[in-house]
Amino acid sequence: MASQATETLAVAATATVPTKTAAQIITESGVEAKEEALRTPSDGESGNSGDHLYYHQHIVRNGQQVLVSWTKEEEKRVVRKADYLILPIFALMFTWMAIDRTNVSGVLTSTFLKDTHMTRDQANTGVSLLWFGIVLLEIPSNIILHRIGPHYWIPLQVVVWGIIEVLQMFVRGYGGWIAARLFLGLAESGFIPGSLYVLSRWYTQDELASRTTVFFFGPSISAAFGSLISAGALRIEGAAGLYGWQWIFLICGVSTITTGLIAFTVVPKSPHDTNRLFGGLVPWKGWLSEREADVFVARIIRADPKKGQAATISIGFKDVTDVLFDWTTWPYLIICLSGLQSVGGLSTWGATIIQSLGFTSIRANLLNAPAPVLASIFGLILSWFVDRYKRFGYTIGFAAAWTMAGLIALYKLPVTTKASWSFYAAYIVTVAAPSWQPLNVTWLSLNSKTPQKRAIAYAVYIGCSNLGGTYGNQVFRGSDAPLYRRAWAACLALGAVWIATLVVQISLFKWSNRRFAKKVRDDPSLEAEALYTDRRGRKHRYYW
């Protein structure tokens, strides 16, 4: 099942001449040059400090080795270009994916159950089947992605699940609902890990946490957008003979299809292929010049030579087993399964719970909007802290403590119209806890040694995230309404597992780093195994 393409790694040079000459040759002429012909500096850096420091790295362009020399200022310019195009389009696709998943929250406040002759628990079963469908094809989808390339596969996925989203407006009963949600999940399989892998190929380790947070920013506020879309759609109920819930599916589905077509137009195969649209079929000017593409590729390889330059990679069965049998993988998965689902059910039933406080369906959807926006903003602040200090565990622990405090308040407060605003305030505080999922994903990525393991780790992690959705929504049962005492108790139990696992994980990583430091003192060649170098130049086996 492995792709036949292999990665091309940069090869270090050995001869030296003044840095300025090398930079001028490559910057001004832009010609392809072989290492032995140029007599240029080795891979590394030279010159003055700051933005005037020159970096050097060999890459392969058109089958030939090329030495690229660039400054920090030039690197910042090319990264900003990716920030303005690649990152937004992937975030937009992810946003519509999340809205397509969670707009059922607004649908359930409408006449949907009455019109389709379903019970609340039957609707819940359909919601859970979506997550099961995603888990089913998560790893196979990623293997296909790495075989044919994400620039084809990811936009195709978006268009297909957008079509299925539209078709949900024709659901008339329980059987149709089950089928629609299952196929929606199957179509979405692999999108998140595939997109995360693409971002890890466009950004360095030091840039990845904040970019991953931006990638998750849209989905984090998707509940807010979804609530606003639902409120608007419910207002036009009856237009064109459609129910309000049908308008929700139609609006979201058409928007998703449009986004997928835009992605197919502009997402390139690699930095050197931005001059071709529609998956490389139509030539145009491009948003990266050849020189800028060289710098983009060189900076990535310099930061992590294992990433190579190939647009596709070979993934074998051993790569899968290496990830699954690595002890470092499992704490992330347990945290994912417990922490995300401690509040996961609120993404589906939040608006319904607010409605039970005595609010109308439209007002409940509007009141459900602010919390996800706040969570995303707080998540961006935490990502800045992580990018600066590289302390993932402590930051996620802060978010966990915040979430637990809110869940305790929700468990203690009564769900009545008399206490509606106090309960709503506790709900907002809980859901507004900083978005930590992108930090955990980035943490896992940085502690993965090779691109193959990183790709599989993404798929396994996101698979667990979606698997959690199959039970996370089930805690809020109709028989437990309106107090939801059993639901809040279950959420608190999941939160406790989250915090306990995080404490153990941090402790194990720090213990492993201390052992690694002792081994390096005895055998300095082991430094190559280090994944993290702190500001003092100390080598660590793991980020913690």
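For the structure itself, consult the block above.
These figures come from a predicted structure and were not determined experimentally. (Residues numbered from 1 in each chain as written. Predicted model: local features only at pLDDT ≥ 70, side-chain atom pairs only at ≥ 80, totals over all residues. Heavy atoms only, no water.)

**Student:** Can you walk me through the overall build of the chain in this structure?
**Tutor:** Looking only at helices and strands, the chain has 25 helices and seven strands in total. Intrachain contacts of the chain at a sequence separation of at least 6 include 77% that bridge at least 24 residues. Summed over its atoms, the accessible surface of the chain is roughly 21900 Å², and 64% of this surface lies on carbon and sulfur atoms. (Helix = DSSP H or I, 4+ residues; strand = E, 2+ residues; numbered from the N terminus. Contact = heavy atoms within 4.5 Å. Areas by Shrake-Rupley, 256 points an atom, 1.4 Å probe, with all protein chains shown as cover.)

**Student:** What exactly am I supposed to notice about the packing of helix α16 (residues 317–324) against helix α24 (residues 451–472) here?
**Tutor:** Two quantities define a packed helix pair, namely the angle between the axes and the distance from one axis to the other. Across the interface, α16 lies against α24 with an axial gap of 9 Å and an inter-helix angle of 60°. Handedness of the α16/α24 crossing: right-handed. Where α16 approaches α24, its residues D319, V320, D322, V323 and L324 are matched on the opposing element by Q452, K453, I456, A457 and V460. Residue classes in the contact of α16 with α24 are distributed as six nonpolar, one polar and three charged. (Axes fitted to C-alpha atoms, helices over the stretch in contact; angles between N-to-C directions. Left-handed = near helix turned anticlockwise from the far one by under 90°. Nonpolar A, V, L, I, M, F, W, Y, C, P; charged D, E, K, R; others polar.)

**Student:** I tried to follow helix α13 (residues 222–235) on my own but got confused; where do I start?
**Tutor:** Given 3.6 residues per helical turn, the α-helix brings residues three or four places apart onto the same face. With 14 residues, α13 extends 20 Å from end C-alpha to end C-alpha; this agrees with the ideal 20 Å at 1.5 Å per step. With 10 of its 14 residues buried, α13 lies for the most part within the structure. Every buried residue of α13 is accounted for by S222, A223, A224, G226, S227, I229, S230, A231, A233 and L234. Elements that come into contact with the buried residues of α13 comprise α4 (86–102), α5 (104–107), α12 (205–220), α14 (244–266), α19 (361–367) and α20 (370–389). (Expected span 1.5 Å × (residues − 1). Buried < 20%, exposed > 50% of the residue type's maximum accessible area, 1.4 Å probe, protein only.)

**Student:** Please explain the pattern of salt bridges as it appears in this structure.
**Tutor:** Two side chains carrying opposite charge are able to pair once their charged atoms lie near each other. As enumerated under the stated definition, the model contains 12 salt bridges in all. With its nearest N and O atoms 2.7 Å apart, the salt bridge here joins R61 to D294. Of the two residues, R61 is situated in strand β2 (residues 53–61) and D294 in helix α15 (residues 290–303); the sequence distance between them amounts to 233 residues. Between K318 and D322 there is a salt bridge, with its nearest N and O atoms 3.0 Å apart. Of this pair, K318 and D322 both sit in helix α16, four residues apart, roughly one helical turn. Using a relative accessible area of 24% as the deciding quantity, one classes D322 as partly exposed. (Salt bridge = Lys/Arg side-chain N within 4 Å of Asp/Glu carboxyl O.)

**Student:** Which parts of the structure should I look at to understand the side chain of R541?
**Tutor:** Note that R541 resides in the segment after β7 (539–540). E529 provides the closest opposite charge to the buried, unpaired R541, separated from it by 4.6 Å. (Lys, Arg positive; Asp, Glu negative; His and termini not counted.)

**Student:** For this particular structure, what's the right way to read the environment of V104?
**Tutor:** In this structure, V104 sits in helix α5. Overall, V104 belongs to the buried group, its relative accessible area being 0%. Sequence separation between V104 and W245 is 141 residues, and the spatial gap between their C-alpha atoms is 8.8 Å. Apart from residues no more than four positions distant in its own chain, V104 is found in contact with V127, W177, R181 and T348.

**Student:** Looking at this structure, I do not really get the environment of A263. What am I missing?
**Tutor:** Following the sequence through the fold, A263 ends up in helix α14. Separated by 112 residues in sequence, A263 and H151 place their C-alpha atoms 8.1 Å apart. Dropping the residues within four chain positions of it, A263 is found in contact with I89, M93 and P155.

**Student:** Would you explain a nonpolar patch on the surface in this entry?
**Tutor:** Together, I144, I148, Y152, F278, L281 and V282 line one region of the surface with nonpolar side chains, adding up to about 500 Å² of accessible area. One can find I148 in helix α8 (residues 138–148). (Patch = residues over 30% accessible without salt bridge, like charges linked within 9 Å, V, L, I, M, F, W, Y side chains within 5 Å.)

**Student:** So what exactly am I meant to see when it comes to the nonpolar core here?
**Tutor:** In a soluble, globular protein the nonpolar side chains are often hidden away together inside. Membership of the largest hydrophobic core comes to 131 residues, with the highest contact counts inside it found for F191, F215 and W488. Ranked by the residues each element gives to this core, the list is headed by α4, at nine residues. Not counting residues within four places of it along the chain, the set of residues in contact with F191 comprises F90, M93, F94, M97, E138, I154, Q157, V158, W161 and F215. (Core = buried A, V, L, I, M, F, W, Y, C linked by side-chain atoms within 4.5 Å.)

**Student:** Quick question: what am I supposed to make of the packing of aromatic side chains here?
**Tutor:** The geometry of an aromatic ring pair comes down to the distance between the two centres and the angle between the two planes. In this structure the tally under the stated criterion is 30 aromatic pairs. With centroids separated by 4.9 Å and ring planes inclined at 45°, the aromatic side chains of F385 and Y389 adopt a geometry described as tilted. Of this pair, F385 and Y389 both sit in helix α20, four residues apart, which is roughly one turn of that helix. The class of Y389 is partly exposed, set by a relative accessible area of 38%. Ring pairs connect the aromatic residues W327, Y332, F392, W443, F509, Y542 and Y543, which therefore count as one cluster. The positively charged end of R120 is found above the aromatic ring belonging to W349, 4.3 Å away from the centroid. (Phe/Tyr/Trp six-rings, centres within 6.5 Å; stacked < 30°, edge-to-face > 60°. Lys NZ or Arg CZ within 6 Å of the ring centre and 35° of its normal.)

**Student:** I would appreciate a short explanation of unusual backbone geometry in the present structure.
**Tutor:** When glycine is set aside, most residues are seen to have a negative phi, and most peptide bonds are trans. Not every positive phi belongs to a glycine, and A240 is a case in point at roughly 60°. Within the fold, A240 resides in the loop between α13 and α14. Phi is positive for K390, which is not a glycine, with a value near 60°.

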